[in-house]
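Listed here are the chains, written in short residue letters.
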Amino acid sequence: MTQLQPKDNVPSLHETFQAHFRVGAAVNPVTLVSQRELLSRHFNSVTAENEMKFERLQPEEGRFTFEHADNLIDFATSHGMGVRGHTLIWHNQTPAWVFEHREGGPADRQTLLARMQSHIETVVSRYKGLIYAWDVVNEAVSDSGGELLRPSKWLDIAGEDFIAKAFEYAHAADPNALLFYNDYNESVPEKREKIYALVRSLKDKGVPIHGIGLQAHWNLEHPALDDIRQAIERYASLGLKLHVTELDVSVFRHEDRRTDLKRPEAGMLERQAERYGQMFRLFKEYDGHVDSVTFWGAADDYTWLDHFPVRGRKNWPFLFDAAHQPKPSYWNVIDVARS
Ligand code: GLA
């Protein structure tokens, strides 16, 4: 009898990193179909790219729309994958009604917090035990200037303790879910210190927060590896878990605005592979803290970076190419696990 050989000699990404952390991908209703095989083979965690955001789950007050989110949960459950919930409270992709009085004009603090509570309670309870970690508050910290928190309707109306309230409501709804504060530019020293200060103050007040999400929308040069290391160390010093939540590595440097490339140019994929290798070496080194690494997509056939920040520009930010085949970046990452 001939022995069955594995379909190919491409090892499963998540199995390769089993001893270190989960490996996740953001998905949407289209990629759940078009990337089905790739997802189930290489990833053991999924996150909804958009389908669990406030505007998708409660477009009108009291009218919840769970169909796509439920489908994602079913997909994960049937493939033995975990789910990271994203995201409960954010200044974006939140419907206008949340901040308005039914009779017009801005809502008052009490009304806004009651809406927050009912949203969080409904959503988190529905997926209780099915979602291992939630991004409770997304991007509340300001990028620039001396201010700690970004101006937003949540902040204007409810005041700065809207953040603590969100965590308390989420914890009450599912005491076993890990609760995260999630942000981008998390490795930029100035913003890193603000995120640190915010999370530290939450911890000091006894707010139920368990981790910091590093979005990790990175590129070939930024952030510098050393800044990533310092961010990991600084956040880890709070004794919290760290999740890399939205990893992608754009092949374009910040000032590169070209839209004419039909494929990555010479050197880009090699440099990307070098970067991915360095990053995963760091994640592995800090695997006592980092226990989940999620890409903001799975393969180069679909990425939000095809439209952002340069309109109509194709990007190639992942470990798998548009045909779902491993790129040099994939092999470098696999080498890290094996070394
Ligand atoms: C932020 C959000 C994500 C997503 C990306 C862009 O990082 O946290 O939900 O919207 O922007 O795709």
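Heads up: these notes are all about the structure in this document.

Rules used in this analysis
- Residues numbered from 1 in each chain as written.
- Predicted model: local features only at pLDDT ≥ 70, side-chain atom pairs only at ≥ 80, totals over all residues.
- Heavy atoms only, no water.
- Helix = DSSP H or I, 4+ residues; strand = E, 2+ residues; numbered from the N terminus.
- Rg over C-alpha atoms; globule rule 2.2 N^0.38 Å.
- Buried < 20%, exposed > 50% of the residue type's maximum accessible area, 1.4 Å probe, protein only.
- Lys, Arg positive; Asp, Glu negative; His and termini not counted.
- Charge placed at Lys NZ, Arg CZ, Asp CG, Glu CD.
- Expected span 1.5 Å × (residues − 1).
- Contact = heavy atoms within 4.5 Å.
- Core = buried A, V, L, I, M, F, W, Y, C linked by side-chain atoms within 4.5 Å.
- Near = heavy atom within 4 Å.
- Polar contact = N/O pair within 3.5 Å; in protein donor to acceptor, adjacent residues only side chain to side chain.
- Areas by Shrake-Rupley, 256 points an atom, 1.4 Å probe, with all protein chains shown as cover.
- 1 Å grid on protein atoms, 1.4 Å probe; cavity = no way out; pocket = protein on both sides within 12 Å on 5 of 7 lines; lining within 4 Å.
- Sits in = over half its atoms within 2 Å of the grid points.
- Nonpolar A, V, L, I, M, F, W, Y, C, P; charged D, E, K, R; others polar.

1. Here we look at the overall build of the protein
The number of helices and strands found in the protein is 12 helices and 9 strands. Its C-alpha radius of gyration of 20 Å places the protein within 12% of the 20 Å reference for a compact globule of 339 residues. Across its three principal directions, the C-alpha atoms of the protein cover 70 × 50 × 40 Å. Burial status across the protein gives 53% buried among its 339 residues. Here the protein carries 39 positive and 49 negative side-chain charges, and the mean point of each set is 1 Å from the other.

2. Some points on helix H8 (residues 162-173)
Over its 12 residues, H8 runs 17 Å from end to end, which matches the ideal 16 Å to within 8%, given 1.5 Å per residue. Structurally, H8 contributes buried residues whose contacts are with strand S3 (82-89), helix H6 (109-126), strand S4 (133-138), helix H7 (153-158), strand S5 (178-183) and helix H9 (189-204).

3. Some words on the nonpolar core
Ranked by internal contacts, the top residues of the largest apolar core, which has 104 residues, are Leu13, Phe43, Met52, Trp134, Leu247, Phe280 and Phe283. Considering every element that reaches this core, the biggest residue donor is H8, with 8 residues. Leave out the neighbours within four places in its chain, and Phe43 touches Leu13, His14, Val23, Gly24, Ala25, Leu38, Met81, Phe295, Ala298 and Phe320.

4. Side note on the site of the ligand
Around the ligand, the neighbouring residues are Lys53, His86, Trp90, Gln93, Asn138, Glu139, Gln215, His217, Glu246, Trp296 and Trp304. At a separation of 2.7 Å, an oxygen atom of the ligand approaches a polar side-chain atom of Gln215. One of the side-chain nitrogen or oxygen atoms of Glu246 is found 2.5 Å away from an oxygen atom of the ligand. The fraction of the free accessible surface of the ligand (300 Å²) that becomes covered by protein chains is 87%. A majority-of-atoms criterion places the ligand in the largest pocket. For the shell around the ligand, the per-class residue count stands at 3 nonpolar, 5 polar and 3 charged.

5. Quick word on the environment of Asp108
Along the chain, Asp108 turns up in the loop between S3 and H6. Once the C-alpha coordinates of Asp108 and Asp248 are considered, the two residues, 140 residues apart in sequence, prove to be 39 Å apart. Not counting residues within four places of it along the chain, the set of residues in contact with Asp108 comprises His101 and Ile157. A distance of 2.9 Å separates the side chain of Asp108 from the side chain of His101, its partner in a polar contact.

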